[in-house]
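For reference, the chains in residue letters:
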Amino acid sequence: MLKLMKLELKKNKLGGYLPGIVIANIVILLLVGVIHVAERVDNGVAAFLNYSIAFGSIIAFVKITFVIFASVILARLVIGEYNTGTVNILFTYPISRKKIVAAKLLLVSFWTFAVVVLSSLFVTGVFLLADSLLNMVPETLTARMMADHVLRILLNAVSAAGICLIPLLFGMMKKSVPATIISAVILVAVTDSNNMGFSLSAGYILPLVFAAAGVLIAWWSVRKIETADVL
């Protein structure tokens with residue numbers, strides 16, 4: 001399986017997405033800055049009343065961004081190969097179809113996990129640097145707050161790694177790239193929206209539940225791939 005993942009990584013050159021990742025992180029930082037400035041100008045108060053709100057916003061922005069990003073990669077690695085017909089060549093290899101597709105899905109999941117963790121840490125670091133200069137959050141940061149934030153980053157990265165596979169179900173129905181990406185947008189809008197301080201991704205249990213759901217739905221999407229006809 002690891003060898004298949006390495007081959008997929010080499011073939012699809014995921015390193016080419018690095019500029020997009022950098023740009024996405026810059027946009028997230030700008031968005032956080034705009035929220036802070038807008039609240040100061042409009043109401044004269046801090047947008048982030050405490051670090052829990054600030055860190056929660058950072059995690060949500062990063063997760064939403066890269067789950068959608070992952071859906072684009074998923075569409076390219078799986079749905080795109082159906083549309084171009086290259087999947088026919090892959091399925092002639094003396095390897096089970098499930099292993100081939102599983103390698104692609106694992107690659108997308110690991111990529112999503114790594115990018116969410118690294119991006120969350122990067123955005124947090126820049127935010128804390130700006131906060132030390134501009135006093136953006138009227139609260140004293142403690143080691144316990146940072147430890148909790150890192151734990152939430154890891155949990156949400158695991159969640160993102162599972163959730164990013166759910167759009168495969170909708171994409172595989174009609175082998176549609178737009179359906180894959182649109183379903184990812186709707187999915188994160190539901191799971192990571194903040195409604196009067198409540199989010200489905202808050203806490204420690206629900207992110208893991210979403211991750212497990214993503215894995216199960218991905219399995220359901222490809223369960224008949226060994227016998228399904230390839231067009």
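Residue numbers here run from 1 along each chain, matching the order of that chain's written sequence. Given that this is a predicted model, residues contribute local features only at a pLDDT of at least 70 and side-chain atom pairs are listed and counted only at 80 or more, while totals for whole chains, interfaces and linings are drawn from all residues. Side-chain metrics in this entry use all non-hydrogen atoms of the structure; hydrogen atoms and water are not considered.

Visitor: How would you sum up helix 6 (residues 143-163)? Please name residues and give values.
Guide: Taking 1.5 Å per residue as the helical rise, helix 6 with its 21 residues ought to reach 30 Å, and the 30 Å between its terminal C-alpha atoms agrees with that figure. Burial classes: relative accessible area under 20% of the type maximum marks a residue as buried, over 50% as exposed, and values in between as partly exposed (1.4 Å probe, protein chains only). Under the scheme used here, helices are H or I runs from DSSP no shorter than 4 residues and strands are E runs no shorter than 2 residues, and both carry numbers assigned from the N terminus. Buried within helix 6 are the following residues: His149, Ile153, Leu155, Asn156, Ala157, Ser159, Ala160, Ala161, Gly162 and Ile163. Residues are treated as being in contact if the distance between any of their heavy atoms lies within 4.5 Å. Tucked inside the fold, the buried residues of helix 6 contact helix 3 (51-84), helix 5 (97-134), helix 7 (167-174), helix 8 (177-191) and helix 9 (206-222). To estimate how far a helix should extend, the number of its residues minus one is multiplied by 1.5 Å.

Visitor: Summarise the nonpolar core; cite the residues concerned and give the values.
Guide: For our purposes a nonpolar core is just a set of buried Ala, Val, Leu, Ile, Met, Phe, Trp, Tyr and Cys residues, chained together by side-chain atoms within 4.5 Å. Ranked by internal contacts, the top residues of the largest apolar core, which has 52 residues, are Phe66, Ile73, Val78, Leu105, Trp111, Phe127 and Leu168. Elements with a minimum of two residues in this core: helix 2 (18-43), helix 3, helix 5, helix 6, helix 7, helix 8 and helix 9. Looking at this core, the element that brings in the most residues is helix 3, giving 16 residues. Excluding anything up to four places from it in sequence, Val78 contacts Lys104, Leu105, Leu168 and Met172.

Visitor: Requested: an account of the packing of aromatic side chains, with residues and values cited.
Guide: Only rings of Phe, Tyr and Trp enter the pairing, Trp through its six-membered ring, and a pair is recorded when the two centres are within 6.5 Å. The plane angle decides the type: under 30 degrees is stacked, over 60 is edge-to-face, the rest tilted. Across all of its chains, the model carries six aromatic pairs by this definition. Here Phe48 and Phe127 contribute two aromatic rings whose centre-to-centre distance is 5.8 Å and whose plane-to-plane angle is 90°, an arrangement assigned as edge-to-face. With Phe48 in the loop between helix 2 and helix 3 and Phe127 in helix 5, the pair connects residues that are 79 residues apart, well separated along the chain. Phe127 gets classed as buried once you look at its relative accessible area, which sits at 3%. Ring centres 5.4 Å apart and planes at 50° place the aromatic pair Phe69 and Trp111 in the tilted group. With Phe69 in helix 3 and Trp111 in helix 5, this pair connects stretches of sequence that are 42 residues apart. Residue Phe69 is classed as buried on the basis of its relative accessible area, which comes to 16%. What links up through ring pairs into an aromatic cluster is the set Tyr17, Phe66, Phe69 and Trp111.

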